[in-house]
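# Structural overview
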Amino acid sequence: MECTLNEETTAVAGLASNDEMSAHNEAVEAWLLAAVSRGDLSVEAMAQAMQADGYGEHEAQLLAALGVLRHEDTPLHSVLEHSRMQGAVLDVIQHFRYARLDALDAHRSPVDAPVAPSKVRGVRARLTCTSPDLALFDDVLSAHECSDLIEFAKEHLSANRVMSEQGEVIDADVRTSSGCFVEAGSVPWIDAIEARISTLVQWPQECMEELAIVRYSGGERFLSHFDYFNAPELLRHREELDAAGQRIGTIVLYLNDVTEGGATRFDVAGLELLPSRGSALYFTYRLPDGRMDEASLHSGTPVLEGEKWIATLWLRERPCRGLSAG
Ligand SMILES: O=C(O)CCC(=O)C(=O)O
Ligand SMILES: [Fe+2]
């Protein structure tokens, strides 16, 4: 199983195999629900049963932990209290970039309604996938933060630029949106948002490019592309690689709900993620052997009604503050 849906489906897979995947997920979830309602909160027992059923150790632990988190709406700390394998669960959770809001609360911006410091809850991955490696998180930005970012961008938008084969900046058909960068300090709470994302994905803030806000109006889209620099023969790509290394991951923050169209589509997996205000898509594309993952090929599908607003953060191998890759 490559993709795991953890909530009601706000993600839509376009290929026929999705039906099989959903049926499989439903069966797994039904089993988890039954286990939880029997009062068996032992993640370990569930994981062992799943392993006996042919799941890999890691996957079984993850699914069992997710099952408890989801079906009981159980705070993370309570899962850990009930679990005899706290360390393993934490490893699994961290591996899949779960973060705890108490850690994230340190990075809440002033426009957020404060979460009581004693309140601990997990940031839930609605969906995880191994090929491409991605996770979709809910409630990463507050409604206030989303609308403030949109209001800021409205004052600073210009047509997005795409590089020609010769490495020149041109207006091209690949990306028909408008956008702007949010320089450090230009919005008071931008640092808080970036620090929160850094905590969520466990990657240093100084290795994140400047936040880029993009608006797609009716009919606008971003054709299939890789986010990493895949043409070292081009001067621009070579310069970028020399300056701060490869791009290895992307966070797309969805700033509004889109009425129709405007999905983020992963062509190889046939997976389409629908924007939902405040959620964050995180995907990575450096494979364990160092090659870049072609399964990360993706596009922004045409917006059919209304507008789509996103904010994107690209992760680099090395510090990149002050450089704008675009
Ligand atoms: O618009 C989208 O959903 C995708 C955006 C994207 O691919 C990017 O900003 O690199
Ligand atoms: Fe992209």
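Placed above this text is the structure.
Residues numbered from 1 in each chain as written. Chains lettered and ligands numbered in written order. Predicted model: local features only at pLDDT ≥ 70, side-chain atom pairs only at ≥ 80, totals over all residues. Heavy atoms only, no water.

Here we take up empty space enclosed by the protein. Following the criterion strictly, the structure yields three cavities of 30 Å³ or more and no others. In terms of lining, the largest cavity is formed by 15 residues, of which the most central are Tyr 216, Phe 222, Val 252, His 298 and Ile 310. Here the lining of the largest cavity is composed, by residue class, of five nonpolar, seven polar and three charged. (1 Å grid on protein atoms, 1.4 Å probe; cavity = no way out; pocket = protein on both sides within 12 Å on 5 of 7 lines; lining within 4 Å. Points joined across faces, edges and corners; volume = space filled by probe spheres on them. Nonpolar A, V, L, I, M, F, W, Y, C, P; charged D, E, K, R; others polar.)

This next bit is on the packing of aromatic side chains. Within the structure shown, the criterion is met by four aromatic pairs. Judged by centre distance (4.9 Å) and plane angle (25°), the rings of Phe 226 and Tyr 228 are stacked. On the basis of relative accessibility, which here comes to 6%, the residue Tyr 228 falls in the buried class. Ring centres 5.0 Å apart and planes at 80° place the aromatic pair Phe 266 and Phe 283 in the edge-to-face group. Of this pair, Phe 266 sits in strand β13 (residues 264-266) while Phe 283 sits in strand β15 (residues 280-284); the two residues are 17 residues apart in sequence, bridging distant segments of the chain. Like Phe 283, Phe 266 is buried. An aromatic cluster is defined as three or more aromatic residues linked by ring pairs; in this entry it consists of Phe 226, Tyr 228, Phe 266, Phe 283 and Tyr 285. (Phe/Tyr/Trp six-rings, centres within 6.5 Å; stacked < 30°, edge-to-face > 60°. Buried < 20%, exposed > 50% of the residue type's maximum accessible area, 1.4 Å probe, protein only. Helix = DSSP H or I, 4+ residues; strand = E, 2+ residues; numbered from the N terminus.)

Once that is clear, we can look at the site of ligand 1. Near ligand 1 you find Arg 175, Tyr 216, Phe 222, His 225, Asp 227, Thr 264, His 298, Gly 300, Lys 308, Ile 310, Thr 312 and Trp 314, and these make up its full shell. At 3.2 Å, a side-chain N or O of Asp 227 approaches an oxygen atom of ligand 1. Burial of ligand 1 by the protein chains amounts to 100% of its free accessible area of 290 Å². Given that more than half its atoms are within 2 Å of the pocket grid, ligand 1 belongs to the largest cavity. Broken down by secondary-structure element, the contributors of at least two residues to the shell around ligand 1 are β10 (222-225), β16 (298-300) and β18 (308-316). Ranked by residues supplied to the shell around ligand 1, first place goes to β18 with four residues. (Near = heavy atom within 4 Å. Polar contact = N/O pair within 3.5 Å; in protein donor to acceptor, adjacent residues only side chain to side chain. Areas by Shrake-Rupley, 256 points an atom, 1.4 Å probe, with all protein chains shown as cover. Sits in = over half its atoms within 2 Å of the grid points.)

Structural measurements only, silent on function.
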